[in-house]
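# Observations on the three-dimensional arrangement
What follows is the residue order along each chain.
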Amino acid sequence: MIRLLISRYGMARSAWRMLLMFSLLLPGLALAHPHGWIDIRMRLVVNEAGHLEGLHQSWRMDPFYSLVLLEELGRGEGGLDAGLDRLGGEIRGNLAPFDFFTEVRLGEERLGFGDVTEYTAMERGGRVEFIFLLPLEEPHELNERTLQYKVFDPTYYLEVVHEAEGETPLEDALLVGGELNCSKQIVPANPDPERVMQAAMLDVTDEAEPGLGRHFAETGVVTCE
């Protein structure tokens, strides 16, 4: 997933090589998927009519990878701010064909997405953060319906989890805009032992089969009345 996020960014490729080298030196990183993580926050964008228009997402790269990447970006042309601007465009371009690794269902219907035009990359608390608005192809009414979403790296190279304090997701890890009365829940992943073993057998240079990450993905569940 890291490679897909920044595959065409020259300095970031250098950061990737450094990350790969360091991960081979650290047994905890080298022996199994995942090799890092992203903390996400999700906000459902709901209009005055109670229709879902999009998903506002914040992705924070893990501290180790952020450190390597920020050092590389800071040495580039224009300094860190310019590097982050270029990085945001790279991430947006690389993930757009893959729906930003996001799946959303409203009832039994899988929802489609429009083009991402609002996005930015920034440094917050020593970590790289990518923030973007993922619009739906068309608004959908939420009243008396249940929405479920997952965000995951299909190859499970990185784990994607909601921001949490210990095992408890933060209050703003999942928010619902608008005036609807909605319950919300973040359901932990519950992979079967076979999938856990499959991931454990993959080292840092292995490519997992597409879809492995789905089995380790948390599920956001929102029901509105």
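Residues numbered from 1 in each chain as written. Predicted model: local features only at pLDDT ≥ 70, side-chain atom pairs only at ≥ 80, totals over all residues. Heavy atoms only, no water.

Compared with an ideal rise of 1.5 Å per residue, which puts 12 residues at 16 Å, helix α4 (residues 63–74) spans 16 Å between its outermost C-alpha atoms and is within 8% of the ideal. Looking only at α4, the buried set comprises Tyr65, Ser66, Val68, Leu69, Leu70, Glu72 and Leu73. At the N-terminal boundary of α4, the capping side chain belongs to Asp62, with an oxygen 3.0 Å from the backbone nitrogen of Phe64. (Helix = DSSP H or I, 4+ residues; strand = E, 2+ residues; numbered from the N terminus. Expected span 1.5 Å × (residues − 1). Buried < 20%, exposed > 50% of the residue type's maximum accessible area, 1.4 Å probe, protein only. Polar contact = N/O pair within 3.5 Å; in protein donor to acceptor, adjacent residues only side chain to side chain.)

With that settled, the discussion passes to the sheet that holds strand β4 (residues 109–110). Taken in spatial order, the five strands make up an open sheet running β4-β3-β7-β13-β12, and their pairing is antiparallel. On the outer flanks of this sheet lie β4 and β12 (182–187), each paired with one strand and no other. Here five bridges tie strand β7 (residues 145–151) to strand β13 (residues 219–224), and the two strands are oriented antiparallel to one another. If you follow Thr146 over to β13, its bridge partner there is Thr223. (Pairing = 2+ DSSP bridges.)

A complete count under the given rule lists one disulfide for this structure. Residue Cys182 pairs covalently with Cys224 via a disulfide, S to S 2.0 Å. Judged by the sign of its S-S torsion, about 105°, the cystine formed by Cys182 and Cys224 is right-handed. Note that Cys182 is positioned in strand β12 and Cys224 in strand β13, a separation of 42 residues in sequence. (Disulfide = S-S within 2.5 Å.)

Using the criterion set out here, one finds five aromatic pairs in the structure. Ring plane angle 25° and centroid distance 5.1 Å describe the contact between Phe130 and Phe132, whose orientation is recorded as stacked. Take Phe130 and Phe132: they sit in the same class, and that class is buried. (Phe/Tyr/Trp six-rings, centres within 6.5 Å; stacked < 30°, edge-to-face > 60°.)

Residue Phe100 is not a glycine yet carries a positive backbone phi of 55°. Within the element layout of this structure, Phe100 appears in the loop between α5 (79–95) and β3 (102–106). Given a relative accessible area of 3%, Phe100 falls into the buried group. Positive phi outside glycine occurs at Glu144, with the angle close to 60°. Here Glu144 is to be found in the loop between β6 (127–141) and β7.

What follows deals with the pattern of salt bridges. Applying the stated criterion across every chain, the model contains 10 salt bridges. The shortest N-O distance in the salt bridge between Glu103 and Arg110 comes to 3.6 Å. For Glu103, a relative accessible area of 13% puts it in the buried group. Several salt bridges share partner residues, and in doing so they unite Arg41, Arg60, Arg124, Glu129 and Glu163 into one network. (Salt bridge = Lys/Arg side-chain N within 4 Å of Asp/Glu carboxyl O.)

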